[in-house]
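# Analysis of the macromolecular model
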Amino acid sequence: MNKYVAEFIGTFFLVLTIGCTVIGQGAGPLAPLAIGSALMVMIFAGGHISGGHFNPAVTLGVWLRGKCEAKDVAPYMLFQAIGAVLAGLVVKFLKGGAAVAPLHPATVPALVAEFLFTFALVYVVLNVATAKSTSGNSFYGLAIGFTVLVGAFSVGNISGGAFNPAVAVGISVLGLSSWVNIWIYLVAEFAGAAVAAGAFKALNPAEQPQEQKGTVLSAARKDSYSHS
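Residues numbered from 1 in each chain as written. Predicted model: local features only at pLDDT ≥ 70, side-chain atom pairs only at ≥ 80, totals over all residues. Heavy atoms only, no water.

### Examining the overall build of the protein
- Within the protein, the regular secondary structure consists of 9 helices and 0 strands.
- For the protein, the N- to C-terminal ordering of α and β elements is α-α-α-α-α-α-α-α-α.
- Scaling as 2.2 N^0.38, a compact globule of 228 residues should have a C-alpha radius of gyration of about 17 Å, and the protein matches this with 19 Å.
- Taken along its principal axes, the extent of the C-alpha atoms in the protein is 75 × 35 × 30 Å. (Helix = DSSP H or I, 4+ residues; strand = E, 2+ residues; numbered from the N terminus. Rg over C-alpha atoms; globule rule 2.2 N^0.38 Å.)

Given below as structure tokens:
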């Protein structure tokens, strides 16, 4: 349960920061810096407990990569979504009366933008937080937070810069995005995560889980015997 609570806390403060810096008299053009920093510090705080996903797309990517147990996938996503919804409600209380203008993204550009930077985010997570060659590094939180910062500065005006299905839920609760557009985020972000996991596994064959290596080796031996 500790890791689920850690996922809730990290996602809560990520979405809380998004709402407080974007709505009303927030951080203005520096909002992406605050958002990336919030993700960074929450990862440093909770990474040793839960892995510091705070993002259902990251959870999917880590699971496909073989570093998250299947039994944890649904609870992680559930607690992330709950954290996002509650953060949205807190922001609405704190920012009561502030005008909120929902984003109306062009569908195809938004899909592409969310796919690309979710791919980048999950690819970075897998390489800095799950790879053996970078195990024990001290920069993983900074690398992940700055990936979100770069994405938000780059395509925030195109798609809203969510790169995270839980964030997509949170901004929908806040009215920053219409609920009818949430499918754009879910499709693009989960697809980006799946492709990132595939890219990581293709580029890092030595990182393949032992059980998969055994299966591949057994298959190779069986094939060799059949030809002998």
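So much for the structure itself; the text now carries on.
### Re the pattern of salt bridges
- By the definition in use, this model includes 3 salt bridges.
- Two residues, Asp-72 and Lys-3, come together in a salt bridge whose shortest N-O distance is 2.9 Å. Of this pair, Asp-72 sits in helix H4 (residues 70-94) while Lys-3 sits in helix H1 (residues 2-22); the two residues are 69 residues apart in sequence, bridging distant segments of the chain.
- A salt bridge links Lys-71 to Asp-72; the shortest N-O distance between them is 3.6 Å.
- Counted as one network, the salt bridges with shared partners bring together Lys-3, Lys-71 and Asp-72. (Salt bridge = Lys/Arg side-chain N within 4 Å of Asp/Glu carboxyl O.)

### Let's talk about the packing of aromatic side chains
- Going through the model one piece at a time under the given rule, you end up with 7 aromatic pairs.
- Relative to Phe-13, the ring of Phe-12 lies with its centre 5.1 Å away and its plane at 85°, an arrangement referred to as edge-to-face.
- With relative accessibility at 37%, the residue Phe-13 sits in the partly exposed group.
- Three or more aromatic residues link up through ring pairs in this structure, and these residues are Tyr-4, Tyr-76 and Phe-79. (Phe/Tyr/Trp six-rings, centres within 6.5 Å; stacked < 30°, edge-to-face > 60°. Buried < 20%, exposed > 50% of the residue type's maximum accessible area, 1.4 Å probe, protein only.)

### Observations concerning the packing of helix H3 (residues 56-65) against H4
- In contact at an axis separation of 9 Å, H3 and H4 are set at 170° when each is read in the N-to-C sense. Judged on the interaxial angle alone, H4 and H3 are roughly antiparallel. Contacts between H3 and H4 involve Pro-56, Thr-59, Leu-60 and Trp-63 on the former and, on the latter, Ala-70, Val-73, Tyr-76, Met-77 and Gln-80.
- Of the residues contributing to the contact of H3 with H4, the split by class is 7 nonpolar, 2 polar and no charged. (Axes fitted to C-alpha atoms, helices over the stretch in contact; angles between N-to-C directions. Parallel < 35°, antiparallel > 145°, perpendicular 65-115°, else oblique. Contact = heavy atoms within 4.5 Å. Nonpolar A, V, L, I, M, F, W, Y, C, P; charged D, E, K, R; others polar.)

### Focus on helix H8 (residues 182-203)
- Between its first and last C-alpha, H8 extends 32 Å over 22 residues, near the 32 Å set by a 1.5 Å rise per residue.
- Restricting attention to buried positions, one finds in H8 the residues Ile-182, Ile-184, Tyr-185, Ala-188, Glu-189, Gly-192, Ala-193, Ala-196, Ala-197 and Phe-200.
- In this fold, the buried residues of H8 make contact with H3, helix H5 (107-129), helix H6 (140-159) and helix H7 (165-174). (Expected span 1.5 Å × (residues − 1).)

### What to know about the packing of H5 against H6
- Their axes nearest at 9 Å, the elements H5 and H6 cross at an angle of 175°. Judged by the angle between their axes, H5 and H6 are roughly antiparallel. Contacts between H5 and H6 involve Pro-109, Ala-110, Ala-113, Glu-114, Phe-117, Ala-120, Leu-121, Val-124, Val-125, Val-128 and Ala-129 on the former and, on the latter, Tyr-140, Ala-143, Ile-144, Thr-147, Val-148, Val-150, Gly-151, Ser-154, Val-155, Ile-158 and Ser-159.

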